[in-house]
Amino acid sequence: MKAQEGIYNLSKGVDSLSKEEHGVFFDAVQRLGLPNEVKQGAVAVYLDFKSRPIGEYNAGQKNLKIFLIASVSLAAKAMGDLRTDQEFESKMFVSREMLVDAEDRIIRALMIRDRIKPFPELVLQLTRRQIESMAEGFAQSELVSTGEKEELVQRSYSYLDVAVERGLGPSMSYRGRAAGVMLKAVQDLGLQISEADIARAAGFDKRSMEINKDVIDDLLKDSKT
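Figured I'd write up the structure that's included with this text. All of these numbers come straight from a predicted model, not from anything done at the bench. (Residues numbered from 1 in each chain as written. Predicted model: local features only at pLDDT ≥ 70, side-chain atom pairs only at ≥ 80, totals over all residues. Heavy atoms only, no water.)

## Here we look at the overall build of the chain
And step 1. On a plain count of helices and strands, the chain comes out with 12 helices and zero strands.
And step 2. Scanning the chain from its N terminus toward the C terminus, one meets helices and strands in the order α-α-α-α-α-α-α-α-α-α-α-α.
And step 3. In the chain, which comprises 225 residues, the share counted as buried stands at 50%.
And step 4. Once local pairs closer than 6 in sequence are excluded, the contacts in the chain between residues at least 24 apart make up 78%. (Helix = DSSP H or I, 4+ residues; strand = E, 2+ residues; numbered from the N terminus. Buried < 20%, exposed > 50% of the residue type's maximum accessible area, 1.4 Å probe, protein only. Contact = heavy atoms within 4.5 Å.)

Next comes the structure, spelled out in structure tokens:
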């Protein structure tokens with residue numbers, strides 16, 4: 001099943017949003033220039049999340065804005081519409097840490113594996129989009145050239161495939177997967193990107209980065225790409 005088709009199966013439409021939610025969503029659409037399929041997918045994911053216990057709790061606490069924005073981020077990645085975290089930070093004025101946390105809560109709360117596409121396949125797709133997003137961010141910061149960016153993406157893809165073949169399960173977050181394989185690729189290619197740069201791009205603190213790095217390193221031991 002294509003991600004687009006799966007998300008459409010969830011679609012309920014913006015008419016189901018409250019006036020306040022519609023205002024936030026419309027602002028995101030305008031600031032980010034979202035295509036129609038991402039808009040529909042984001043609303044569907046958000047409304048499904050909102051109907052779950054954690055969504056009801058956050059509605060009561062009046063802090064659903066970050067979850068609506070995180071729904072946009074997940075829908076864009078799932079449908080191949082590349083968006084960097086920097087774009088959400090600069091245009092939507094949300095911190096990367098809050099965005100990462102909200103994405104993780106949505107994925108765990110919705111059990112998206114049963115609603116859009118098989119969970120391992122979804123995590124793999126989100127990981128690939130995150131690799132592309134991080135590499136694009138490094139290019140924009142002039143840490144890599146265009147050629148180096150493409151090489152970094154392809155090498156990261158290769159390591160990701162090997163890690164999955166060797167037992168990397170979907171329990172590790174897609175951002176953790178992307179950070180772990182990209183660090184390995186950066187080291188192989190001799191690029192001037194630090195571990196701290198990668199951690200920031202993935203939205204992780206040092207401790208989380210070390211945990212993900214150790215898991216990926218163990219899986220990729222003696223691997224050649």
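There's more to say after this.
## Let's talk about the packing of aromatic side chains
And step 1. Counting across every chain of the model gives one aromatic pair.
And step 2. Between the aromatic rings of Phe 49 and Phe 67, the centroid separation amounts to 4.7 Å while the plane-to-plane angle is 25°, which identifies the pairing as stacked. Remark: Phe 67 occurs in helix H5 (residues 65-78) and Phe 49 occurs in helix H3 (residues 36-50); sequence separation between them is 18 residues.
And step 3. Given the relative accessible area of 0%, Phe 49 is considered buried. (Phe/Tyr/Trp six-rings, centres within 6.5 Å; stacked < 30°, edge-to-face > 60°.)

## Re helix H9 (residues 146-165)
And step 1. Its 20 residues give H9 an end-to-end C-alpha distance of 29 Å, which sits within 8% of 28 Å, the value for a rise of 1.5 Å per residue.
And step 2. Those residues of H9 not exposed but buried are Lys 149, Leu 152, Val 153, Ser 156, Tyr 157, Tyr 159, Leu 160, Val 162 and Ala 163.
And step 3. Trailing H9 by a residue or two, Gly 167 shows a phi angle of about 110°, which is positive. (Expected span 1.5 Å × (residues − 1).)

## Considerations on the packing of helix H10 (residues 174-189) against helix H11 (residues 195-202)
And step 1. Contact geometry of H10 with H11 gives a least axis separation of 10 Å together with a crossing angle of 155°. If you check the angle between H10 and H11, you find them roughly antiparallel. Between H10 and H11 lies a crossing of right-handed hand. Of H11, the residues touching H10 (which contributes Arg 175, Ala 179, Met 182, Leu 183 and Val 186) are Glu 195, Ile 198, Ala 201 and Ala 202.
And step 2. When the residues that make up the contact of H10 with H11 are grouped by side-chain class, the tally is seven nonpolar, no polar and two charged. (Axes fitted to C-alpha atoms, helices over the stretch in contact; angles between N-to-C directions. Parallel < 35°, antiparallel > 145°, perpendicular 65-115°, else oblique. Left-handed = near helix turned anticlockwise from the far one by under 90°. Nonpolar A, V, L, I, M, F, W, Y, C, P; charged D, E, K, R; others polar.)

## A look at the nonpolar core
And step 1. Phe 25, Phe 67, Val 72, Phe 88, Met 92, Ile 106 and Leu 126 are the most contacted members of the largest nonpolar core, which has 37 residues in total.
And step 2. Breaking this core down by element, the ones donating at least two residues are helix H2 (19-32), H3, H5, helix H6 (85-92), helix H7 (96-110) and helix H8 (119-140).
And step 3. Sorting elements by how many residues they give to this core places H5 first, with 10 residues.
And step 4. Excluding anything up to four places from it in sequence, Val 72 contacts Phe 25, Leu 32, Leu 34, Val 38, Ala 42 and Phe 88. (Core = buried A, V, L, I, M, F, W, Y, C linked by side-chain atoms within 4.5 Å.)

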